[in-house]
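Breakdown of the fold
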Amino acid sequence: MPTILLVTATLYRHAVARLPYALRRAGFRVWVVCPQVSAVRYSDNLDGGSAYPDDIGPAGLALVMADAVKRSGADTLLFGDEVAAGVGRAILDGLAGDAVTPPLRTLLERWIGGVDGCAFHRSAMVERARGLGIRTPRQVALEPRTDATALAGLGTPIVVKRDHGSGGGGIALVATPGEALETAARLRPPGADPAGAGMVVAQEHVPGAAASVTFATRDGRLLDGFAYKTLRRHPEPFGPASVIEALDRPDLMAMARRVVADLRYSGFGGIDVILPEGGGEPVFLELNPRPPQTTHLGPLFGVDLARALFVEVSGEPGSVPDAPATRASTVALFPAEWMRDPDSPYLHAAHHDVPWQEPRLTAAVMALTPRLRSPG
C-alpha cells in the first residue's frame, strides 16, 4: 500500500486538515509532518507522523522528515503549502547540510526535483504562461525607481500584487498609477530585494468572473481535475473562495494541462483565471503550487483527485469508496462561508461542506476559528 508523507508548515489551513480523509479513502497510508499546533493533527485518518516546534529551520525540518520517511517507508511526498514546499526546495538545494538522508533526498528529487522554480512566483508564472501562448494580463514590475509613466499602458484600475502571498494577502486594487506605487512600497517586505523575493507588480485589471481549476498531476501529466467558478469570497475582494459552482470548461482544463506540462509539476495544485466580461479567451492569473482548499471536493463533481494520484503511484486500481451521498453543482466551503455570513442562504441552498465524518476535526476547526466559537 503506498504511503504518502504530507508535510505542512501551516497551523490552521483547513485545506491541509481535510486531505488525510481524502487520501486514506483513496487507498494511501497517510503520515504527516506538521507544527505542534496544527489543525491537521485532529484528523482521524493519520497512520502516524511527527510534530515540530515553530522555530525549526531547514536542517531541523530535514531531520524530522528523514525520520518520518524511515519510520513510514513513504514513497510519495506532498507539501501542503507554499512555505513547506519552499523549505523542501531549500533542503534539496543543500541548505540542510548533512541532515538529508539518501531516502529523503530520493523522495524530494522524485516529487519536487524537476519542478521549475518559477512555479512559486506569481509574476514569473504570468510571463511563463504568456510564453505558452496563454492570454495573461499586462504587468509591470514595481521597483523603487519605477515612476507612474511606466504604468500608463495598464489602464485603470490597477491590480498590485506581491509575488508571495496567500489567502488574498499581498493583493490590492487601486485607482491610479500613483496609488499603485504607494501600495507597492507598503507591500514590499522591509529589506527585501525588489527584483527577487520582494517583487511587486502592477497588473492590468480584467473585469470578469473568477474561475479556477483544481488538479492532480505527476511529472507534468495532468491526471484529473475539475473547474469551478467563484461565487463568493472571504474576505472580499481577493480572499479565498467561500462558495463555488462547478463549470464544464474544457478550455480551462486544456490551459491547466499546458501549464503543468511546462513546469513538470507533481502533486495537487490549481490555477486561477478570469472569464472576461466581454467574452474571449480566459485570462491566466496565477498558479497555486500546493493543494487548494477544494482538492477534497472532487467526488461531489464526479472527480476523485486523491484516487487519481493513488492509481498513478501504485499502478493499481484505486480502492472503490462508497458513492458520495451528495452530488452538487454549488458548494459552500466550511468554515469560510459561515465566517463570511452566518445567515448566508448558501449554507442551506448549496451543499455545505462540513466534515461531519470527522467530528474531532470539525470541533477543532470550530474551536480554532474565533468567529465560530460559542460564547461559552
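Now for a description of the structure that goes with this document. Just so it is clear, the model here is predicted, and its values are computed rather than measured. (Residues numbered from 1 in each chain as written. Predicted model: local features only at pLDDT ≥ 70, side-chain atom pairs only at ≥ 80, totals over all residues. Heavy atoms only, no water.)

1. What about the overall build of the chain?
Within the chain, the regular secondary structure consists of eleven helices and 15 strands. Against the globule reference of 21 Å for 376 residues, the chain gives a C-alpha radius of gyration of 20 Å, in line with a compact fold. If one aligns the C-alpha atoms of the chain with their principal axes, the spans along those axes are about 60 × 55 × 45 Å. Taken across its 376 residues, the chain has 51% of its residues classed as buried. Taken as a whole, the chain presents about 16000 Å² of accessible surface, with 53% of it coming from carbon and sulfur. When the 37 basic and 40 acidic side-chain charges of the chain are each reduced to a single mean position, those positions are 1 Å apart. (Helix = DSSP H or I, 4+ residues; strand = E, 2+ residues; numbered from the N terminus. Rg over C-alpha atoms; globule rule 2.2 N^0.38 Å. Buried < 20%, exposed > 50% of the residue type's maximum accessible area, 1.4 Å probe, protein only. Areas by Shrake-Rupley, 256 points an atom, 1.4 Å probe, with all protein chains shown as cover. Lys, Arg positive; Asp, Glu negative; His and termini not counted. Charge placed at Lys NZ, Arg CZ, Asp CG, Glu CD.)

2. Examining the nonpolar core
Ranked by internal contacts, the top residues of the largest apolar core, which has 63 residues, are Leu-5, Leu-23, Val-33, Met-65, Leu-77, Phe-79 and Leu-108. A total of seven residues in this core trace back to one element, the largest contributor, which is helix 2 (residues 58-72). With residues up to four places along the chain from it excluded, the contact list for Met-65 reads Leu-5, Val-7, Val-33, Leu-77, Phe-79, Ile-91, Leu-104 and Leu-108. Core analysis: the next-biggest nonpolar cluster, separate from the first, contains 24 residues, Met-255, Ala-256, Leu-263 and Leu-275 among them. (Core = buried A, V, L, I, M, F, W, Y, C linked by side-chain atoms within 4.5 Å. Contact = heavy atoms within 4.5 Å.)

3. Re a nonpolar patch on the surface
On the surface, Leu-11, Tyr-12 and Val-37 cluster together into a nonpolar patch covering about 250 Å² of accessible area. Inspection of the secondary structure assignment puts Val-37 in the loop between strand 2 (29-35) and strand 3 (48-52). Classification of Val-37 by relative accessible area gives partly exposed; the value is 47%. (Patch = residues over 30% accessible without salt bridge, like charges linked within 9 Å, V, L, I, M, F, W, Y side chains within 5 Å. Salt bridge = Lys/Arg side-chain N within 4 Å of Asp/Glu carboxyl O.)

4. Here's the deal with the packing of aromatic side chains
For the structure on display, the rule yields five aromatic pairs. Ring centres of Phe-226 and Phe-301 lie 5.4 Å apart, and the angle between their planes is 65°; this geometry places the pair in the edge-to-face category. Taken as a pair, Phe-226 in strand 10 (residues 221-233) and Phe-301 in the loop between strand 13 (283-288) and helix 8 (305-314) lie far apart in primary sequence, 75 residues in all. The burial state of Phe-226 is the same as that of Phe-301; both residues are buried. By the ring-pair criterion, three or more aromatic residues cluster together here, those being Phe-226, Tyr-228 and Phe-301. Taking the ring centre of Trp-111 as reference, the NZ or CZ of Arg-218 above it sits at 3.9 Å. (Phe/Tyr/Trp six-rings, centres within 6.5 Å; stacked < 30°, edge-to-face > 60°. Lys NZ or Arg CZ within 6 Å of the ring centre and 35° of its normal.)

5. Focus on the environment of Ala-152
With respect to the helices and strands, Ala-152 occurs in the loop between strand 5 (139-141) and strand 6 (158-162). A C-alpha to C-alpha distance of 45 Å links Ala-152 and Gly-302, two positions 150 residues apart in sequence.

6. Remarks on the packing of helix 2 against helix 4 (residues 102-111)
How two helices sit against one another is set out by the angle between their axes and by the gap between those axes. In contact at an axis separation of 9 Å, helix 2 and helix 4 are set at 95° when each is read in the N-to-C sense. Relative to helix 4, the element helix 2 is oriented roughly perpendicular. Across the interface between the two elements, Ala-62, Met-65, Ala-66 and Val-69 of helix 2 pack against Pro-103, Leu-104, Leu-107 and Leu-108 of helix 4. Taken together, the residues of the contact of helix 2 with helix 4 break down into eight nonpolar, no polar and no charged. (Axes fitted to C-alpha atoms, helices over the stretch in contact; angles between N-to-C directions. Parallel < 35°, antiparallel > 145°, perpendicular 65-115°, else oblique. Nonpolar A, V, L, I, M, F, W, Y, C, P; charged D, E, K, R; others polar.)

7. What about the pairing of strand 14 (residues 330-333)?
Going residue by residue along strand 14, you find Thr-330 and Ala-332 tucked away on one face and Val-331 and Leu-333 tucked away on the opposite face as well. Where strand 11 (residues 241-247) and strand 14 come together, three bridges link them in antiparallel fashion. Along strand 14, the bridge assignment pairs Ile-244 with Val-331. The pairing of strand 14 with strand 15 (residues 351-353) spans three bridges and is classified as parallel. Bridge pairing links Val-331 to His-351 in strand 15. (Pairing = 2+ DSSP bridges.)

8. Observations concerning the sheet that holds strand 6
One open sheet accounts for four strands, arranged 5-8-6-7; its pairing is antiparallel. Each of the sheet's edge strands pairs with one partner strand only, and the pair in question is strand 5 and strand 7 (171-174). Strand-to-strand twist across the sheet, computed as the mean angle between neighbouring axes with direction ignored, equals 25°. Note that strand 6 and strand 8 (residues 200-204) share five bridges and pair antiparallel. Counted as the bridge partner of Val-159 is Gln-203 from strand 8. Sitting on the sheet, helix 5 (residues 122-131) touches strand 5, strand 6, strand 7 and strand 8, and the angle it makes with strand 5 is about 135°. Contacts between helix 6 (residues 177-187) and the sheet are confined to strand 6, strand 7 and strand 8, with strand 6 contributing the most and set at about 15° to the helix.

9. Some thoughts on the sheet that holds strand 1 (residues 3-7)
Strands sit in the order 3-2-1-4 across an open sheet of four strands; the sheet is parallel. Of all strands in the sheet, those bounded by a partner on one side alone are strand 3 and strand 4 (76-79). Between one strand axis and the next, the sheet turns by 15° as a mean value, whatever way the strands run.

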